[in-house]
2 protein chains.
Amino acid sequence: MSRFINHNNAIPKYFQLASILKSQIDEGEWKPRQLIPSERQLELQYKVSRPTVRQAIEYLEKQGYLYREHGRGTFVSPQKLQKKMLELTSFSEDLLRKGIQPNQIIRSICHVVPPEKILKRLELPPESRILRIERIRLGNDVSIGLQTSYVVLGDDQQIDEDDLTHYGSLYRVLEEKLNIIPTEADETLEVTLATPEEATLLQVKAGAPLLLNKRLTYDQNRKPVEFVKILYRGDRYQYVIRLTR
Amino acid sequence: MSRFINHNNAIPKYFQLASILKSQIDEGEWKPRQLIPSERQLELQYKVSRPTVRQAIEYLEKQGYLYREHGRGTFVSPQKLQKKMLELTSFSEDLLRKGIQPNQIIRSICHVVPPEKILKRLELPPESRILRIERIRLGNDVSIGLQTSYVVLGDDQQIDEDDLTHYGSLYRVLEEKLNIIPTEADETLEVTLATPEEATLLQVKAGAPLLLNKRLTYDQNRKPVEFVKILYRGDRYQYVIRLTR
DNA sequence: AATAATAACTGGTAATGACCACATGACAAC
DNA sequence: GTTGTCATGTGGTCATTACCAGTTATTATT
């Protein structure tokens, strides 16, 4: 990481500065709760204007790396809060962060007419045919969850089994192949009991408690892109989130 | 809502402008996905500078009222996303939003030495005595959850049963009496089975599936303030969250 | 009629300068 | 010693100006 701002660079200065500050935190030069240089000092040090400094700090503040106190200064957030604030993660990202190797078995991938309730939530007219993907999710080669995704695609867009195995996760297919960025989601979590069929697929007894997770995901233009229902084995999965306000 | 900016006002202009724009959305003058006036137009209309306009729009964007598209304009978010982005809510707020009347039975409120694991997460030295509150949570007078809170207080701060019944929620006591603002939290959700004792308190059979929710909450200065463990009846509770990135 | 260049929008980044509000420590007055 | 005042440093707000970078409709060209 260069510790200077490149003034003739396509990368915005505020972003360059944010990267520099972030690296000071990541590499431990600045300790948690430590006061960092004031906005005026950074302005002089990196030869950028104060709005640029403030934009960089705001960016890192939003990500949970720094916090400000009016009249006192800007401080490094304690380690626990230094993880990125990315709330919306895919199943694969989730597991990778916990150090578990994600994997999947694709049970089916085809176009169907989903239940009307789901079409309504996806803001589609009745009887619409959309893509349904049924997968068994594995962590370290042990079955963890049963996932059914309904994905809304344009006429010129499509996803096949190769895409999923190649990219490894639906979110990566959406982002890298189709340029759809999931940015927001409404999610519910509740407890249910396994039906006989679910029990077989998850290798538990019928009636075993499961964690039921439903999520409606929106893209960068606030259009619904995915409705997903995941049944987790209650004994093998813990759901982790970071809340803010 | 005045539709003008008051230039000699303690309230920041960007905030005044944000309130005006928000009211146009709330009152339905601007429909979802509708293009709103450009930054330059708003600048002229309200006689403020562009940075101020941008700050107001950024503020509403963060709250999910507006979204921007480079080169196209700024748009009203669809209704589903117009709710506030408040992620961190108390149990009482949660239920109220669903139209359920929250209530509680306080089982105990006293100072104890909690398990070492919890002290560690609260960043306290071993053997520290802190406040523990055990409550049964009710919705429409039916038992829903079993809650154990550990609260970190300063030497000059205290909470008693009257505070809880008076304010109705621990978060309100923290905010309004002690000026501690919960701003961030790490949370986990998993499935467990009721122990005989838990079963009795929640009026379910022993071994019934429960939703176990643990949360570590931080205040405005990123200091841990509360560790809470809530056991929800699996058949009566659904956990709802809004995710963003 | 189809295509390509262009002009006129949009939001995004950046510099400069000014003043306000809050926190804190030094210091004078009591 | 205690208290209050004040200077100074912090982040917070705001105006002005300029140019860059995407998007879109228009216009000229073919």
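The shown structure was predicted, so the numbers you read here are calculated from the model rather than taken from an experiment.

> Account for the overall build of chain A, naming residues and giving values.
A tally of helices and strands in chain A yields eight helices and nine strands. Burial status across chain A gives 51% buried among its 245 residues.

> Outline the protein's contact with DNA strand D, listing residues and values.
Around DNA strand D, 26 residues are found, and the nearest of them are Arg40(A), Lys13(B), Pro51(B), Thr52(B) and Arg72(B). A distance of 3.1 Å is found between a phosphate oxygen of DNA strand D and a side-chain nitrogen or oxygen belonging to Arg54(A). Within the side chain of Arg72(B), an N or O atom sits 2.9 Å from a phosphate oxygen of DNA strand D. When residues of the surface near DNA strand D are traced back to their parent elements, those giving at least two are helix H2 (39-46), helix H3 (50-62), strand S1 (66-69) and strand S2 (73-76) of chain A together with helix H1 (13-26) and helix H3 (50-62) of chain B. In terms of residues, the surface near DNA strand D owes the most to one element, H3(B), which gives four residues.

> I'd like to hear about the pattern of salt bridges, residue by residue, with values.
Going through the model one piece at a time under the given rule, you end up with 23 salt bridges over all chains. For Arg233(A), the salt bridge identified is with Asp235(A), shortest N-O distance 2.9 Å. With a relative accessible area of 55%, Asp235(A) lands in the exposed category. Lys22(B) is the salt-bridge partner of Asp26(B), the closest N and O atoms lying 3.2 Å from each other. Note that Asp26(B) and Lys22(B) are positioned in helix H1 at a spacing of four residues, about one turn of the helix. With a relative accessible area of 27%, Lys22(B) lands in the partly exposed category. A network of salt bridges, in which partner residues are shared, links Glu39(A), Arg50(A), Arg54(A), Glu58(A), Glu61(A) and Arg68(A).

> For the protein's contact with DNA strand C, give the residues involved together with the corresponding values.
Near DNA strand C there are 25 residues, and of these Lys13(A), Pro51(A), Thr52(A), Arg72(A) and Arg40(B) occur at the shortest range. Close to the protein, within 4 Å, the atoms of DNA strand C are drawn from sugar and phosphate at a rate of 65%. Arg54(B) places a side-chain nitrogen or oxygen 3.1 Å from a phosphate oxygen of DNA strand C. Elements with a contribution of two residues or more to the surface near DNA strand C: helix H1 (13-26) and H3 of chain A together with helix H2 (39-46), H3, strand S1 (66-69) and strand S2 (73-76) of chain B. Element by element, the count of residues in the surface near DNA strand C is highest for H3(A), at four residues. Among the residues making up the surface near DNA strand C, the classes are represented as four nonpolar, ten polar and eleven charged.

> Tell me about H3(A), residues and numbers included.
Residues and elements named next belong to chain A. Its 13 residues give H3 an end-to-end C-alpha distance of 18 Å, which sits within 8% of 18 Å, the value for a rise of 1.5 Å per residue. Among the residues of H3, Thr52, Val53, Ala56, Ile57 and Leu60 are the ones counted as buried. The buried residues of H3 occupy an angular sector of 135 degrees when the element is viewed end-on, so they sit on one face. Exposed and oriented more than 90 degrees from the buried face of H3 are Pro51 and Lys62. Looking at the packing, one finds that the buried side of H3 touches H1, H2, S1 and S2. Among the residues trailing H3, glycine 64 stands out with phi positive, at a value near 85 degrees.

> I'd like a rundown of the pairing of S2(B), residues and numbers included.
Residues and elements named next belong to chain B. Sheet topology note: the S1/S2 ladder contains four bridges and is antiparallel. Residue pairing across strands places arginine 68 opposite threonine 74, the latter belonging to S2. Linkage of S1 to S2, two consecutive antiparallel strands, is achieved through a turn of three residues, within which glycine 71 is found at a positive phi near 85 degrees.

> How would you sum up the environment of Leu35(A)? Please name residues and give values.
Residues and elements named next belong to chain A. Residue placement: leucine 35 occurs in the loop between H1 and H2. Each C-alpha atom, one on leucine 35 and one on valine 76, is 6.7 Å from the other, the two residues being 41 residues apart in sequence. Leave out the neighbours within four places in its chain, and leucine 35 touches Arg72, Gly73, Thr74 and Phe75.

> Lay out the environment of Leu122(A) with the relevant residues and their values.
All names here are of chain A. Note on placement: leucine 122 falls in the loop between helix H5 (116-121) and strand S4 (130-139). Between the C-alpha atoms of leucine 122 and valine 225, which are 103 residues apart in sequence, the distance is 7.1 Å. Discounting chain neighbours no more than four positions away, the residues touching leucine 122 are Ile130, Tyr150, Val152, Leu216, Pro224, Val225, Glu226 and Phe227.

> Could you give me a rundown of unusual backbone geometry, with the residues and numbers involved?
All names here are of chain A. The backbone of glutamate 123 shows a phi angle near 60 degrees, a positive value even though the residue is not glycine. Here glutamate 123 shows up in the loop between H5 and S4. By relative accessible area, glutamate 123 is classed as partly exposed at 38%. One non-glycine residue, aspartate 141, lies in the positive phi region at around 65 degrees. Taking the relative accessible area as the measure of exposure, aspartate 141 reaches 61% and is therefore exposed.

Rules of the game
Residues numbered from 1 in each chain as written. Chains lettered and ligands numbered in written order. Predicted model: local features only at pLDDT ≥ 70, side-chain atom pairs only at ≥ 80, totals over all residues. Heavy atoms only, no water. Helix = DSSP H or I, 4+ residues; strand = E, 2+ residues; numbered from the N terminus. Buried < 20%, exposed > 50% of the residue type's maximum accessible area, 1.4 Å probe, protein only. Near = heavy atom within 4 Å. Polar contact = N/O pair within 3.5 Å; in protein donor to acceptor, adjacent residues only side chain to side chain. Salt bridge = Lys/Arg side-chain N within 4 Å of Asp/Glu carboxyl O. Nonpolar A, V, L, I, M, F, W, Y, C, P; charged D, E, K, R; others polar. Expected span 1.5 Å × (residues − 1). Arc of directions from axis to C-beta. Contact = heavy atoms within 4.5 Å. Pairing = 2+ DSSP bridges.

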